[in-house]
Amino acid sequence: MTLPTGASARPLALLSMTLLLLGGILPADAQVRRITVESQGRYLALEALDDDLVHFEVAAGRAPAPGTPIRTSIMVEKTDYAGATAVSSTATVLETPELRITVEPSTLCFTATERARRTPLTTVCPRDLERDEKGLTLTRERTRNLYGLGEQFLRPGDADGDWMGRERTPGNEYGNRMTDFGGGQVGNAIFPILYALGDSGVSYALFLDQVYRQHWDFRGDPWRVRTRGDGIRGYLLAGSDLPELRRDYLELVGTPPVPPRKAFGLWVSEYGYDDWGELEGKLRSLRANAFPVDGFVLDLLWYGGIATGSDLTRMGSLTWDERKFPDPAGTMTRLREEEGVGLMLIEQSYVGRGLPEHDTLANRGFLARQRENGPPTYLTRNPWWGKGGMIDWTDDVAGDFWHDWKRQPLVEMGVFGQWTDLGEPEAYDSTSWYHGVVPGRHAHADIHNLYNLKWSESIVRGYRRHGVRRRPFVLARSGTSGIQRYGVALWSGDIGSNLPSLAAHLNAQMHMSLSGVDYFGSDIGGFHRGAIRGDSLNEMYTQWFANGALLDVPVRAHAENLCNCKETAPDRIGDLRSNRANLRLRYELSPYYYSLAHRARLYGEPLFAPPVFYHRDDPNVRTMGHEKLVGRDLLVGIVARHGETRRDVYLPRGRWIDYHANTWHTSRGEWIRNVPVYREGIFRLPLYARAGAIIPKMHVDERTMNILGRRTDGTVRDELVVRVYPDPQESRFFLYEDDGESVDYLSGAVAITTLSQRRSDGSAFVGIGDTKGSYEGAPARRNNVVELVLDGAPVRSVTVNGRVLRRHSTREEFESAGSGWFDAGSSMVVAKSGVLPVSEPKSFEFSTVDGDS
């Protein structure tokens, strides 16, 4: 054993070190190797999984034997890293091409340095490793801003703010919980990924692979985090920017699958619909007012409701109340085939003790128990749902049994998705015994924050086990890192009906996006209508619906309505014209959103990111949550304030185009003042496109029924519509299409079309490439429509593949023609190629007069 330089004076009784990786450089094909340093009955193990990724474990006791892997939780999906392309080491130094980790042997503090710039990222020091509650400190170094860590609501009325100078507190003694906020209850869910953003490309992320509660304090230097467990395990990720860090994090915990296409549409919900008649009355009203709609969400009345404080509650029956909802299979089939709408059903993990389901589960040992091999835990505290037991999702056998018995028949009926409620879990007995996810660990603290993740996993596992071709879709109220890989969208809980709560929700969305959750929404209009302020219900709903229409998946209006005196459907509350216009905009943009969803799965790119994500060097956007990016190319200014008719919008450096007015702005990083939020009497959020943006769209009009393009008159509009904002810098966008419903896309049933643009003096070029790949139902031929938005340069002529298109003088003439072009005004020209094979590339050339001057 060789002591490190400077350590020879320390007594050997206080210091011992083990070097598992001999000095020198490992070749690129080397396996993951590790160094371990031991000191005073504690140890630190470090291993380089990749050039920019280091796994660590620090704990009291003896170090694990050589070759024993560092334990990972079920939050982690990828454990087969090949190792860094090159590794050099000494007893206390581990180096990769991108990182240098230096250990101080007596304290086990380790300093991470970004090698290219020789810049220290942070020094991490363990604390109180011998205690149940232990922790780390992290030095700030050059970090300027902090993001991530999941969902916690901060200040009412404020969508802005990172974590710097704040505390990130757990919801309760175990972690996840619903907390009181703004007259409602909202989620506090820990996703233990922290992003530290510095200047000039100095950034890193820290993922703490801890399933227990975490308390982060960023009010000083060093920062502190406290947690529990037998040790602390985590990953340090280095990267030049947030996109790289988020991509590497999602490689670790899993990217989200592509949701069913219908999940991107409108889903109308309330607590709750009394019967089919009430639901279908709402549907008829939406159709009469020309609103597209993709589905309805049924709260607990679908299985007969609950009996507060009683063992005889229907909670946990998951069996249709056929007195109010007769012939559920036939009704669902009719709604799907005739109206193009689906149903999502709520389910909970609680089972009334008076139900036969409780006896069946208890006899099989599938409920949380008072002790190992003991009777089920009896939950009686806050029995608003009744009293009874709690399914133990950590037992996969229990999860499979429940799915096969209760959920699979609903799936076979055609239920679109599962709404998993109360999954923090809301009710529990802290002394319960569970099967557990780690051998030998059966306490409630060991499973609390993993409970909804295991629940979601059981759903996906059931779909796969039964060979269901439809994609699973889960709407959950809580979760943690890794839940997104099971097709879960989260919503922020029973939020109060007021705009300050909406603004705070949009701040939480900022951190959830960076935590890897692409699909995060709210009860549009708020769940608790008692939290409304004054007589502002319609204004509040109109603003909330506009935000949800651009930023939520699904677009889901919801409220408590047991009195049948409150409305959630957007044709019955708020400004009808505004709600309809904002919903149609969402449907128009759905091909863009859906392509982003494919990129989220393939590359870990976010659908809805804060501006800092792509504009890290702009100090004005570092803490900005009141603006959002949809993909890279659209920027949304949120509105969540009573009486707001105009707002200022910040545009990062570059050229941006007002999506509604087609006006161009050149920004050096500047504010556009007094942007109107009412356009011709219709409330619209400020929306800007980046120069060079290519936005695929769907044709939407008063006949559009759903997001799959079904129409009230039976016609089909399958043309490819592309809006283009030309720029001299050539750009591309990849349009992803599939059948929108099945899992076939996972095995390659995807059509990809490359869209491109380039502007030069006198011309603008738009390319629609030949489509690669296909899927069941894919069009072999279709029309191609280009909406070109120009900066005041009139168009003289348009050609497609060299063929001159006829210019039409009126929109009516243009619409009835198979091909041609039309000056639509407001700096936009629309051109149609005519129906052509998708296998044939299409090149549009717009000749403009600006080249003549």
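Residues numbered from 1 in each chain as written. Predicted model: local features only at pLDDT ≥ 70, side-chain atom pairs only at ≥ 80, totals over all residues. Heavy atoms only, no water.

Attention shifts here to empty space enclosed by the protein. Following the criterion strictly, the structure yields six cavities of 30 Å³ or more and no others. For the largest cavity, the calculated volume is near 210 Å³. In terms of lining, the largest cavity is formed by 19 residues, of which the most central are Arg71, Val211, Tyr212, Arg233 and Val438. Split into classes, the residues belonging to the lining of the largest cavity amount to six nonpolar, six polar and seven charged. A volume near 60 Å³ is recorded for the second largest cavity. Those elements that provide at least two residues to the lining of the second largest cavity are strand S23 (342-347), helix H5 (396-413) and strand S26 (417-420). By residue number, the principal contributor to the lining of the second largest cavity is S23, which donates three residues. Here the residues of the lining of the second largest cavity sort into six nonpolar, two polar and two charged. (1 Å grid on protein atoms, 1.4 Å probe; cavity = no way out; pocket = protein on both sides within 12 Å on 5 of 7 lines; lining within 4 Å. Points joined across faces, edges and corners; volume = space filled by probe spheres on them. Nonpolar A, V, L, I, M, F, W, Y, C, P; charged D, E, K, R; others polar. Helix = DSSP H or I, 4+ residues; strand = E, 2+ residues; numbered from the N terminus.)

This part covers the state of the cysteines. Following the criterion strictly, the structure yields two disulfides and no others. Note on cysteine connectivity: Cys563 is disulfide-linked to Cys565, with sulfurs 1.9 Å apart. For the disulfide bridge between Cys563 and Cys565, the dihedral angle about the S-S bond is near -75 degrees, and by the sign convention the bridge is left-handed. Assessed through its relative accessible area of 40%, Cys563 is described here as partly exposed. Cysteine pairing for the protein chain, with bonded cysteines counted in sequence order: 1-2, 3-4. (Disulfide = S-S within 2.5 Å. Buried < 20%, exposed > 50% of the residue type's maximum accessible area, 1.4 Å probe, protein only.)

Our focus in this paragraph is the sheet that holds strand S44 (residues 751-760). Strand order in the open sheet made by the six strands is S43-S44-S45-S53-S48-S49, with antiparallel pairing throughout. Looking at strand neighbours, the two that pair on one side only are strand S43 (731-737) and strand S49 (803-804), the edges of this open sheet. In terms of strand pairing, strand S45 (residues 763-768) meets strand S53 (residues 842-848) through six bridges, oriented antiparallel. Note on S53: the bridge partner recorded for Val766 is Phe844. (Pairing = 2+ DSSP bridges.)

Membership of the largest hydrophobic core comes to 171 residues, with the highest contact counts inside it found for Leu298, Trp320 and Phe846. Not counting chain neighbours up to four residues away, the residues in contact with Phe846 comprise Gly762, Ser763, Ala764, Val766, Val786, Leu788, Val795, Ser797, Val798, Val829 and Ala831. (Core = buried A, V, L, I, M, F, W, Y, C linked by side-chain atoms within 4.5 Å. Contact = heavy atoms within 4.5 Å.)

Okay, the pairing of strand S41 (residues 694-697) next. Every second residue of S41 is oriented toward a common face, with Ile694 and Pro696 on one face and Ile695 and Lys697 on the other, all of them buried. Across four bridges, S41 lies against strand S42 (residues 720-724) in antiparallel orientation. Looking at the pairing, Lys697 lines up with Val721 of S42.

Position of Ser522 relative to the elements: it lies in the loop between strand S29 (520-521) and helix H9 (537-551). There is a polar contact of 2.9 Å between the side chain of Ser522 and the side chain of Trp544. With near-sequence residues (within four places) excluded, Ser522 lies in contact with Trp491, Ser492, His505, Trp544, Asp552 and Arg556. (Polar contact = N/O pair within 3.5 Å; in protein donor to acceptor, adjacent residues only side chain to side chain.)

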